Structure formats: structure tokens, C-alpha cells
Amino acid sequence: MPRTTRLSSSLLRAAAVAGVAALTLTACGSGSGSGSGSAGAGSGDVKVGLITKTDTNPFFVKMKEGAEKAAKAEGVRLMTAAGKFDGDNAGQVTAIENMVASGVKGILITPSDSKAIVPAIEKAKAKGVLVIALDTPTEPQSAVDALFATDNLKAGELIGEYAKAAMKGTAKIAALDLAPGVSVGVQRHNGFLKGFGATDKDVACAQDTGGDQAKGQTAMENCLQKEPGINVVYTINEPAALGAYTALKAKGREKDVLIVSVDGGCTGTRAVKDGKIAATSQQYPLKMAAEGVKAVVTYAKDGKKASGYTDTGVTLITDKAQDGVTSKDTAYGLDNCWG
């Protein structure tokens, strides 16, 4: 959770000015705090902002790498910021304000709170800044100029279809979700149920994990107490899946419970190869960021705005293919993973 410190008004004003100056003028390095950032690749006049949910999750680390590589190739300057934690809307609002003040032409953002971030985005757009959501859509999606993302509903459907095909007997489902109000979590959850042919009434236990491994373990422990017979586990991402696996292994259940997930990071893909996770839907954060940077450069050059939704792809990864479900093996997954 964020921590605040009370300062005298003069010190507070000085700190605020210094913070904007640091974001605008210096190469600060990657920071985890709200509004922290780096001025990186390229020395051109065009500035592109990237704001991720955190700077520690491997997914967002890879997204930043993709943006840095694209910015260098395009000869533009990349500025980055991240929330202190997944859900830090206030930190992302501050980052938007700082980047607009520094003169960015466009902002790429993975919204921590799809609804609460909208007023800040609208203010940026009103000042002529192109705003593109990456990975996670805003609510409404039309609040941004464009969205470059995985089809998260499809990602969920793929692992739902796989779990249904692989499941033997009556399913008792645990859903280890993200957090309320985050569209990517809702879409993956609903997609899984659609693919499995189930509804929320068929879920024996649902817990929020924040996509965190330790919280995923606790959530699985809670679900096993509530319903010891759980035999199918849907997880929002692979850290949560590995937490669930740890909890199941402690109970001697790791071999008779099917775990499916979404993300396709290298750690998660190796867990599929090792048999800890049955299947995962792989997405491609580097491509999201690279395409976003290119869209801002196009806008800067000729005023043409990106619009609508661009699907950056998703692939089901498993070494235990099921009839009727299209998938690729972990060799492919490891060649295309991130993190």
C-alpha cells in the first residue's frame, strides 16, 4: 500500500516541482512509485509516455522493453512511470498529469482501474495527447483513442474449452480472480466460463488474488477448506496458478487437480512444461507496446490517430493437446514467452 508523509507546504511545493523536472529532464531509471519515470531511448523532439500498472510484474517489464526498443528504432524519447502496486489509480493519474505537463505527444497506459482513470485520460486528450490503452481496456473502451491488447475474453475461452475437454467426471471449479473493477480480470473469468460451458453458479469457490503468487496460495487454501473436492482451478494469471499449485501440493492434490491460466510468461510456460499447470493462454506484451509507440509516432508525423481495437494475438500452450482444441506445445511457448 502507498505511504504518505506530511511535509510543510513550502517543502511540498518544492518536491512537486522537482518531481516534474526529474520526469521531464533526466534519465531517472525505472521507478516503482507513482509518477516516477525515465527519459530513455532516442533524442528526437517527439516524446512518448508509457504508464504500466507496476514495474515489477514480468509482463510489464517486457512491455517496457518493447516500448524502449521501438522508441529507439523510431528515434523518439520514451518516458515511463508505474504504479506502486496493481490498483494504484492515484499513481497513474499523477503520471498522466506529469507526462502531459512535460509535453508528450502520446501516452500508452495499462489502466489499474478501468473506470477511475477515465477523467484523467479525458483531460489529457483535451490537450491534444493521443491516449492508447495497452492490455487492459478502459470502461468505456471509447475513453481512449485506441486499444492494443489480447482478446482477453478469447484467452479465457481457450483455457475454458481446454479444461472442459480435459476434465473427466463432474467438475468442481475454483476461480482465482484478479480484483473487482478490472476489466481484464472480468473478461478472462467470463471467457473461461463460456469456454467451459458453465456459469458463476457452477463455481464452487471464487477468490480475488490480485494476480499475486502468495495471495493465490492463500486463496487456494481457502477454497480447499470451503470445498475439498475442487478438481478444476481457473487462475487470472500464472503467478496465481503457481500459488494454487503450492497449496494443492501441500495437501497432496497437485496431481488430481487441473489448473489452467492466462499470460504465457516464461516462468508460467515452464510450469506448463513441468506439469504444474495444464495449459495457459499466451499473450504478447512486447508487440502491444511496440505497436503503441509506432502509433504515437504516426500521429506526431501526420496527425493520423489510431482508433478502435487491435488484437495482438493469443495462443493456447499445452503439452497435453485435446481433440477439438487448437493449441501449440511448450517448445513454441518458450520460443515466444516473456519475462
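Up top is the structure these notes are about.
If you're wondering where the values come from, they're calculated on a predicted model, not measured in any experiment. (Residues numbered from 1 in each chain as written. Predicted model: local features only at pLDDT ≥ 70, side-chain atom pairs only at ≥ 80, totals over all residues. Heavy atoms only, no water.)

1. What to know about the sheet that holds strand β4 (residues 130-134)
At step 1: The strand order across the open sheet formed by 6 strands is β2-β1-β3-β4-β5-β11, and the pairing between neighbours is parallel. The open sheet has two edge strands with one neighbour each: β2 (77-82) and β11 (308-311). When the angles between neighbouring strand axes are averaged without regard to direction, this sheet yields 20°.
At step 2: Contacts between helix α3 (residues 89-102) and the sheet are confined to β1 (47-52), β2 and β3 (106-109), with β1 contributing the most and set at about 175° to the helix. (Pairing = 2+ DSSP bridges. Helix = DSSP H or I, 4+ residues; strand = E, 2+ residues; numbered from the N terminus. Axes fitted to C-alpha atoms, helices over the stretch in contact; angles between N-to-C directions. Contact = heavy atoms within 4.5 Å.)

2. Looking at the side chain of Asn89
At step 1: Along the chain, Asn89 turns up in helix α3.
At step 2: Reaching out from Asn89, the side chain makes a polar contact with the backbone nitrogen of Ile117 at a distance of 3.4 Å.
At step 3: Not counting residues within four places of it along the chain, the set of residues in contact with Asn89 comprises Ser112, Asp113, Ala116 and Ile117. (Polar contact = N/O pair within 3.5 Å; in protein donor to acceptor, adjacent residues only side chain to side chain.)

3. Let's talk about the pattern of salt bridges
At step 1: All told, the structure shown has 8 salt bridges when counted by the stated rule.
At step 2: Between Glu227 and Lys172 there is a salt bridge, with its nearest N and O atoms 3.7 Å apart. Taken together, the positions of Glu227 in the loop between α7 (213-226) and β8 (232-235) and Lys172 in the loop between α5 (152-166) and β6 (173-177) put the pair 55 residues apart, joining distant regions of the chain.
At step 3: Overall, the relative accessible area of 21% leaves Glu227 in the partly exposed class.
At step 4: According to the relative accessible area criterion, Lys172 is partly exposed, its value standing at 35%. (Salt bridge = Lys/Arg side-chain N within 4 Å of Asp/Glu carboxyl O. Buried < 20%, exposed > 50% of the residue type's maximum accessible area, 1.4 Å probe, protein only.)

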